[in-house]
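Structural description and commentary
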Amino acid sequence: MKKRISDSIRRVDAFDKAGGITKYISDMDFEDLQYGRLVRALRSHARIKSIKSPKLPDGYYFITKDDIPTGGKNEIQQISNDWPVFVKDEVLFYGETVGMLVGPDRQKILDLEDAISIEYEELEEAFSIDEGLALKSGKIYGEDNCYGDYHLNKGDVKKGFAEAVTVFEEEINTGYQEHVYMEPQGLVGYYENGKYVIIASSQCPFYIKKAISPVLNTDQDNIVIKQATTGGAFGGKEHFPDIIAAPLAVAVDVIRKPIQVVFDRKEDLSFTAKRHPSRGIFRTGLDAKGNIVAMDVDVTINAGAYMSCSNIVLQRAIFSINSVYDIANVHVHGRSVATNAFPSDAFRGFGAPQGLFLAEMHMSHIARNLGISPVEYKRRYFMKKGDTTITNGIMHDEVKLEEMLEKVYAAGSIEEKLAEYTPGSGRGIGISFYQHGAGFTGNGEQEIIKAKLKMLKHGDGNVEILLSNVEMGQGLQTTFPKIAAQVLEIPIEMISCDNPDTSKVPNSGPTVASRSLMVVGKLVERASRELKERWDEDEEVEVLVNYIHPEGCEWDQATLQGDAYPTYGWGVCAIEVEVDPATAEVETKGIWTAHDVGVAIDEMIVHGQVNGGVIQALGYGSLEKLDYKDGKFQQNTLADYIIPTSMDFPMMSSQLIENPYENGPFGAKGLGELVFDGGASAFADAVEYAIGKKVYKIPVTPEYIMEVKNRD
Amino acid sequence: MTEIAFVLNNKKISVEAEGATRLLDILREDLGLTAVKEGCGEGECGACSVLKDGLLVNSCMVPIGTVAGCSIETLEGLRNSDEGRCIIDAFADSGAVQCGFCTPGMVMASIALLRVNAHPTIDEIKVGLSGNLCRCTGYDMIIKGVQLASERGEGIW
Ligand code: FES
Ligand code: FES
């Protein structure tokens, strides 16, 4: 009998990784390897008056903007091109790249770095969202410091508010979060046979190629990006490698030797992009029975000094602001605000964790004000198939939240516990609901990405899958071949899917947005079917497939109206806590989850994603305090920035619901981000229950709980 | 520079180094033992775990000068042993490996634990792994991997 696709197999990369055989970027050997280190401006807003570098010993270089090749641009080509390779004149955030020191000895480079002196003319700084909006440091972007400024309207908010008997207003905030991929940022660049080669620990090799081509003033064909096995990324290696690759490429152009840039941990914590902090200000109108008749939300995110992907993060945040609920009349105003903070960037969930946290807490707060259990109240509004989404699209999915909730209740004996614990008793249970639109927003796949994929059958019957999506821990080098093996009915050992090299693979798009398995995996499935049909055609058979947009999915990017996503993953998470009355330390007693990921391509891999995502989200919600003061991240060692250890949380219950999605391979939907989306709000909700007071921000640390408890 | 002699993976060796040089750098750069990873360089993550006279240590915090006359074991020396094979297989079968960057250190921590406690409880496993950070797995499957190794590896520790 054919095996179910969901039955778990051993990951193809597990053995070599566990044995320490796999080479990561810093494990690779190169002849005559040089080391590069970014030299940074240590001001948040200033004009550079002069840069003085000591006389460098032989073999050492200080690469600056003057080294950009003739005709090359001092700008990194990302979604926008505002982020320069090297500071132009004005420093816009603390840690911006001024140059790169390169040489054979790392200690020597550190000494030389100390000897470089930069003279500044200090300028006014703006760090918070409000300071950015008030143009405290002048215009960083446009006329109003808003990279993006959007409005969403569903139903008729005016009419809704006219029917309201009470209006409930509140503000909720989320903080920064650092990725802490265990392998820090790292790249190696060299020049070979007339081509610039960059080996990268990254998520998007083709992004790097595009980013540096105008800097080098060379055609993209002269740039080769080779993916190195990547030791975790979580969004932190989506765009940020571009920021290192650009000065590295300039250095390679000058020096023509292999150059390695690997951040140390302190550098990585201090000087890489984080998750956007966010603020939601809600005004919600309720009728006499406590039903929501209108909701007006103002969402702002702190985007920092350059645009990067902030507008798309903002879009996801505002699309998530009603969580899993169908609210009839809604207006949302969303802005991504320019400040002199370190530019914020992609992080697992991409705005959704922020929007969902704000939404879930607000819904819980309304319920608690009304004296209704948050779960009962939220259930009234569960989105159903055929309902209208916040962007006035149609919910195409069968929504199985009730079934999932039942499973979570049964696994955690939640009913019994809720009956036993009274609010304020020190014990509490929090429950969150969440969804994650899988894949790129709207028609991004069709208009921008246009994914392509190749499969080759060789003479010996072995099959090669050629695509640009990377293995960064999520299991793609197992799940892609597994899909092919299931279709082709050959052993998975006969199918390879190696780290991409942009000179060899077609561009199947970036490894982001929970798109890889669902969108590219579908291409693998289609290509495998075609290959199967043509198997005997020749010794060698090559199949090339292109993305096809699902029918019935309409989207207008200009107005942000229509079906924002082709499908959604769904989740329910319950957390039980006990709060120490004296110290406000929180002990998490239980974690129960249920997720609808369509069909699991491999159950063990899915449970691994669930476990990792939920724990990372619990870190976000409880431990991971990252303060930003005077332009600097205050926690810059792993002793100060606390991520979960094996001791912090109990083992969890993870259940899956089958709900096949027709345009995903074997019915699979994206899930890597979904599993991050609910942990923080479930935790905060549980603490609220336990202490009998409302919390308005994450992380919910003991210090914050004390503050809340002392509030009247 | 001084000459420092020690036992590395059961072989006597000696290296020329400043006494303050990190054991991690000697292992990775001078000796090419790259199963030992650098995740933080500050004693917080355990990616650089090795055994020093049988005890789990962070090699980024060990000056080579203090290693003279000691026995150092790294994953390179253990991966083909019964112990190493048992844990590596158990990790692979339990879904304990995702990005893999923490994994060599986790394997070393597991060996150190099982050698002194062949049948650890879940809580004892958690304590045994508490010096090793993993950002991908959420730890459950690593804990299960250690349990599986404990079950399968009767008598080898
Ligand atoms: S690298 Fe040694 S503990 Fe992190
Ligand atoms: S598997 Fe990635 S850090 Fe542990």
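Cut-offs and rules
- Residues numbered from 1 in each chain as written.
- Chains lettered and ligands numbered in written order.
- Predicted model: local features only at pLDDT ≥ 70, side-chain atom pairs only at ≥ 80, totals over all residues.
- Helix = DSSP H or I, 4+ residues; strand = E, 2+ residues; numbered from the N terminus.
- Rg over C-alpha atoms; globule rule 2.2 N^0.38 Å.
- Buried ≥ 20, exposed ≤ 12 C-beta atoms within 10 Å, placed from the backbone.
- Contact = placed C-beta atoms within 7 Å.
- Nonpolar A, V, L, I, M, F, W, Y, C, P; charged D, E, K, R; others polar.
- Pairing = 2+ DSSP bridges.
- Core = buried A, V, L, I, M, F, W, Y, C linked by C-beta atoms within 7 Å.
- Axes fitted to C-alpha atoms, helices over the stretch in contact; angles between N-to-C directions.
- Parallel < 35°, antiparallel > 145°, perpendicular 65-115°, else oblique.
- Left-handed = near helix turned anticlockwise from the far one by under 90°.
- Domains from an automatic or database assignment.

Before going further, it helps to spend a moment on the overall build of chain B. A tally of regular secondary structure across chain B gives six helices and five strands. Counting from the amino terminus, chain B carries its helices and strands in the arrangement β-β-α-β-β-β-α-α-α-α-α. For chain B, the C-alpha radius of gyration of 15 Å lies close to 15 Å, the compact-globule estimate for 157 residues. Per-residue burial for chain B yields a buried fraction of 59% across its 157 residues.

Our next topic: the overall build of chain A. Helices and strands together make up the secondary structure of chain A, namely 18 helices and 27 strands. Compactness check: chain A gives a C-alpha radius of gyration of 25 Å against a globular reference of 27 Å for 712 residues, within 12% of the reference. Across its three principal axes, chain A shows a C-alpha extent of roughly 75 × 70 × 50 Å. The buried share of chain A, reckoned over its 712 residues, is 59%.

This part covers the interface of chain B and chain A. How big an interface is tends to be reported as the loss of accessible area on association of its parts. With 40 residues of chain B at the interface, the matching set in chain A holds 43 residues. Mapped onto the side of chain B that touches chain A, the elements with two or more residues apiece are α2 (75-78), α3 (82-94), α4 (103-116) and α6 (140-152) of chain B. Considering each element in turn, the side of chain B that touches chain A owes the most residues, four residues, to α3 of chain B. Residues belonging to the side of chain B that touches chain A are distributed by class as follows: 21 nonpolar, 10 polar and nine charged.

Residues and elements named next belong to chain A. Here we have three strands laid out as an open sheet, ordered β4-β2-β6, and antiparallel in their pairing. Both outer strands of the open sheet, β4 (90-91) and β6 (117-122), are each paired with one neighbouring strand and no more. The pairing of strand β2 (residues 46-52) with β4 spans two bridges and is antiparallel. In the sheet register, R47 faces β4, and the bridge partner there is E90.

Formed by 284 residues in total, the largest nonpolar core has its most connected members in I198, A245, A249 and V687 of chain A. Residue contributions to this core peak at 11 residues, all from helix α6 (residues 240-255) of chain A.

Each packed pair of helices is defined by two parameters, the angle between the axes and the distance between the axes. Residues and elements named next belong to chain B. At a minimum axis separation of 10 Å, α3 and α4 run at an interaxial angle of 125 degrees. Taken together, the axes of α3 and α4 are oblique relative to one another. Viewed along their axes, α3 and α4 form a crossing whose handedness is right-handed. Facing E83, I87, I88 and F91 of α3, the residues of α4 in contact are T103, V107, S110 and I111. Across the contact of α3 with α4, the residue classes break down as five nonpolar, two polar and one charged.

Residue and element names in this part refer to chain A. If you walk across this open sheet you meet the four strands as β16-β23-β24-β27, and the pairing is mixed. Lying at the two open borders of the sheet, with one neighbouring strand each, are β16 (427-437) and β27 (653-657). Between one strand and the next, the sheet's axes are offset by a mean angle of 15 degrees, whatever the strand orientation. Summarising the sheet, strand β24 (residues 586-596) and β27 pair through five bridges and their orientation is parallel. Across the sheet, residue A594 finds its bridge partner in β27, namely Q655.

Tracing the backbone through its elements, the reader meets T121 of chain B in the loop between α4 and α5 (122-128). For T121 of chain B, a count of 10 C-beta atoms within 10 Å corresponds to the exposed category.

Quick look at the domain arrangement of chain A now. All names here are of chain A. For chain A, the assigned domains read domain 1 (31-123 + 190-262), domain 2 (278-441 + 560-709) and domain 3 (444-546). Spacing between the C-alpha centres of domain 1 and domain 3 amounts to 33 Å. Taken together, the contact between domain 1 and domain 3 spans 16 residues of the former and 14 residues of the latter. For the side of domain 1 that touches domain 3, the secondary-structure elements that each account for two or more residues are α5 (205-216) and β11 (223-227). Classifying every residue of the side of domain 1 that touches domain 3 by side-chain character gives eight nonpolar, five polar and three charged.

Time to look at unusual backbone geometry. All names here are of chain A. Between I698 and P699 the backbone carries a cis peptide bond, its omega angle lying at 0 degrees. Mapped onto the elements of the fold, P699 is located in the loop between α17 (679-691) and α18 (702-709). Of note in this structure, D32 is not a glycine but carries a positive phi near 60 degrees. Judged by C-beta crowding, with 8 C-beta atoms within 10 Å, D32 ranks as exposed. One non-glycine residue, L560, lies in the positive phi region at around 55 degrees. On the secondary structure map, L560 appears in the loop between β21 (555-556) and β22 (561-562).

Residues and elements named next belong to chain A. Burial analysis of β24 places eight of its 11 residues in the buried class, which makes it a mostly covered element. Note that strand β23 (residues 568-579) and β24 share 10 bridges and pair antiparallel. Pairing of I575 across the sheet is with I591, part of β24. From the end of β23 to the start of β24, which pair antiparallel, there are six residues, and A584 there has a positive phi angle of about 65 degrees.

Attention shifts here to the environment of E406 of chain A. All names here are of chain A. When you line up the elements, E406 lands in helix α11 (residues 401-412). Using a count of 14 C-beta atoms within 10 Å as the deciding quantity, one classes E406 as partly exposed. Taking the C-alpha atoms as reference, E406 lies 9.8 Å from V572; in sequence the two are 166 residues apart.

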